[in-house]
Amino acid sequence: MTTRLTVAQALVAFLSRQYTERDGRRHRLIAATWGIFGHGNVAGIGQALVESGTGPDSPMPYYQGRNEQAMVHAAVGYARQSRRLSAHAVTTSIGPGATNLVTGAALATVNRLPVLLLPGDVFAGRPADPVLQQLEVPYAGDVSVNDALRPVSRWFDRITRPEALIPAALAAVRVLADPAETGAVTLALPQDVQAEAYDWPEEFFAERVWRVARPRPDRRALAEAAHTVAAARRPLLVAGGGVHHSEAEEALRTFADTTGIPVATTQAGKGALPYDHPCEVGGIGHTGTATADELARTADLVIGVGTRWSDFTTASSTLFQNPAVRFLNINVTSFDAHKLAGLSVVADARAGLEELTEALAAAGGHRVPEAYASGYGERKADWERLVDSAYTPADPGARPTQPQVLGALDALVTGDDILINAAGSLPGDLHKLWRARSADQYHVEYGYSCMGYEIPAAIGVALAAPGRPVWALVGDGTYLMNPTEIVTAVQENVPIKVIILQNHGYASIGGLSESVGAERFGTAYRHRASDGTYTGGPLPVDLAANAASLGLRVIRARTVRDLREALAEARWSDVPTGVYVETETADTVSGAPPAQAWWDVPVAETATRPSAIRAREEYERWIAARRRHL
């Protein structure tokens, strides 16, 4: 039996019948499609979506985006909130619509999060050559701009004949559902092939369930891991995003309760334990807490669970200073499990932690020395007092600092609230200061740290977690990069809450620029002064008015007191709502604590300006402390 459909119609029908299943729970693999239409997909995928119906109860729900990169960000937010068990597709036209996907695709793949990209492509049959928006490559006839997606995709294929869709679609969903291989998946669709009809075998449209396994650790590797943990006197566990992806939070809590081993978290792993758990010691690395970083410097064993060991986590290979330190990595991917010359346990994070806990119990149990546990507990209490100081304003009638904005939000939220952030100075403040109350409250995309992620990602998260308050925290620099999906939130009535912080420039990079001798060049949003520098008055930009013009309900807050009232009003709003606040420059009392560990940003080796000379001297002191863990 066959069914005659176009390639686009067949693809939509196929995707609507794909499911994942883990621990007995089933999820739609592709729960919806985002799309912006042009000549490269309007008569193919666009017509196929119309043909199937696009409402919330249709086989393939559809969401209208305003920017192709932002649509990918929304899809990534949805996938992360769905623990990678459900994803969205994104369709675009050829040319700029397709190339606008590249940044979002890189973000998805860097963060190991599934998204299906369906860009239109130039004619496979080449009846006219070139067509509108086609890139002509003199040395190759089979290259299009979509090839820019190859290095940022975990799977890429171009469907040049109808029948080629069958193996390509099956390969695509296999990768999307695979916890070790997932990321951006691209099926480039020539516009003529999309509209071409074919007799499809009925089996192609059968319901398929892709079971997401929990790989168990190798017996010998597990036994060696248990022996290594039992022998350690100052162990530290670093929880990464893999803990959340595998829903391993309870297994981690049991392991920590049983052993007393302190748990530090990467940006992706924060919330793996609630902030008030006795073993939770906060963020680790350049943006980490003093508690976690001090433990890291003296640890004799570092247990990485679901982390890829980025430079922010390792403080550019300067953090783990104990000469005898060893690493034990539990990771579903062999690639990450072998990093830092660690003892490799290739396994699902939950399965690995459960079996390691059982192995330690079978060997008679294990717990860290009481002096070690009480010591890190005291240092954690000291850090919490610093957080209180940063959160608490001396004058509620004054303009708030950025940490005081977080403090006002901290006093309001419950474990139901979800915070979205990605770039600027906020990730550092959040990693150090935020008190995560639930496993999925803290959503900071720091693998790609992409400005413009927050607002569209908040929409994706809200679609995956309806009824929960979702906050997008954006600075003015990030807001100006990508505010367009406010329109989408208004159109779909997704009641996200957007906090817009106006600090007149790229505050994070401004601080970094000053520290490396670049003197904050090109980082302030100010008028050009008579000497040619951007040091004049602040630009007369009204971001609140801009957001309101896009349909967002905006509340202006001028003081800490105003801010508290505005945040409470926004939290209970049932329409997309923004809170706009101009922040005060932080001082040593109300600002976030400084970095507790280094980050390698190379400084000019030769310079005449004193700031750069001083910065280079400091840089050389730090690089002398760097070590390779072999």
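The preceding data block contains the structure.
Here is what the cut-offs are and how they apply
Residues numbered from 1 in each chain as written. Predicted model: local features only at pLDDT ≥ 70, side-chain atom pairs only at ≥ 80, totals over all residues. Heavy atoms only, no water. Helix = DSSP H or I, 4+ residues; strand = E, 2+ residues; numbered from the N terminus. Buried < 20%, exposed > 50% of the residue type's maximum accessible area, 1.4 Å probe, protein only. Axes fitted to C-alpha atoms, helices over the stretch in contact; angles between N-to-C directions. Parallel < 35°, antiparallel > 145°, perpendicular 65-115°, else oblique. Left-handed = near helix turned anticlockwise from the far one by under 90°. Contact = heavy atoms within 4.5 Å. Expected span 1.5 Å × (residues − 1). Polar contact = N/O pair within 3.5 Å; in protein donor to acceptor, adjacent residues only side chain to side chain. Salt bridge = Lys/Arg side-chain N within 4 Å of Asp/Glu carboxyl O. Pairing = 2+ DSSP bridges.

Student: Talk me through unusual backbone geometry; I want residue IDs and the actual numbers.
Tutor: The omega torsion of the bond from D129 to P130 falls at 10°, within 30 degrees of zero and hence cis. Tracing the backbone through its elements, the reader meets P130 in the loop between strand 7 (115-121) and strand 8 (155-158). For S317, which is not glycine, the phi torsion reads 65° and is therefore positive. Looking at where S317 falls in the secondary structure, it is placed in the loop between helix 12 (311-314) and strand 16 (326-331). Look at S317 and you get partly exposed, because its relative accessible area is 26%. Positive phi, normally seen in glycine, also occurs at S449, with a value near 45°. Assignment of secondary structure puts S449 in the loop between strand 19 (442-444) and helix 18 (454-464). Relative accessible area serves as the criterion here: at 27%, S449 is assigned to the partly exposed category.

Student: Can you break down the packing of helix 16 (residues 402-410) against helix 23 (residues 560-571) residue by residue, with the values?
Tutor: Helix packing geometry: the angle between the two helix axes and the distance between the axes. Contact geometry of helix 16 with helix 23 gives a least axis separation of 9 Å together with a crossing angle of 40°. Here helix 16 is positioned oblique relative to helix 23, judged by the angle of their axes. For the pair helix 16 and helix 23, the sense of crossing is right-handed. Facing Q404, V405, A408 and L409 of helix 16, the residues of helix 23 in contact are V560, L563, R564 and L567.

Student: I'd love a proper account of helix 3 (residues 68-81), names of residues and values included.
Tutor: The terminal C-alpha atoms of helix 3 lie 20 Å apart, and with 14 residues this matches the ideal 20 Å at 1.5 Å per residue to within 8%. In terms of residue burial, helix 3 counts as a mostly covered element, since 14 of its 14 residues are buried. The N-cap residue of helix 3 is N67: its side-chain oxygen and the backbone nitrogen of Q69 are 2.9 Å apart. Following helix 3 by one or two positions, R83 adopts a phi angle in the positive range, close to 55°.

Student: Break down the pattern of salt bridges for me, with residues and values.
Tutor: This model, assessed by the stated rule, comprises 38 salt bridges. Linking D382 and R385 is a salt bridge whose minimum nitrogen-to-oxygen distance equals 2.3 Å. One end of the pair is D382 and the other is R385, both in helix 15 (residues 370-391) and 3 residues apart, which spans about a single turn. What makes D382 partly exposed here is its relative accessible area of 41%. Residues E514 and R520 are paired through a salt bridge, measuring 3.1 Å at the closest nitrogen-oxygen approach. The exposure class of E514 is partly exposed, given its relative accessible area of 48%. Using a relative accessible area of 39% as the deciding quantity, one classes R520 as partly exposed. Sharing partners across several salt bridges, the network here consists of R22, D23, R25, R214, R216, R219, E247, D348, R350, E354 and E355.

Student: Could you give me a rundown of the side chain of N331, with the residues and numbers involved?
Tutor: For N331, the position within the fold is in strand 16. By relative accessible area, N331 is classed as buried at 7%. Side-chain polar atoms of N331 contact the backbone oxygen of T307, separated by 3.3 Å. Within the local environment of N331, its side chain forms a polar contact with the backbone nitrogen of T333, the two atoms lying 3.1 Å apart. Setting aside residues no more than four positions away along its own chain, N331 makes contact with G306, T307, D336, A337, V345, V346 and A347.

Student: How would you sum up the sheet that holds strand 2 (residues 18-22)? Please name residues and give values.
Tutor: Sheet architecture is open: 3 strands sit in the order 3-2-11, paired in mixed fashion. Edge positions in the open sheet fall to strand 3 (25-28) and strand 11 (208-211), since each of these has one partner strand only. Taken over all neighbouring pairs, the strand axes of this sheet differ in orientation by 30° on average, direction set aside. As paired strands, strand 2 and strand 11 are joined by 4 bridges and run parallel to one another. Bridge pairing in strand 11 links T20 to W210. Seen against the sheet, helix 6 (residues 165-177) touches strand 2 and strand 11 and runs at an angle of roughly 40° to strand 11.

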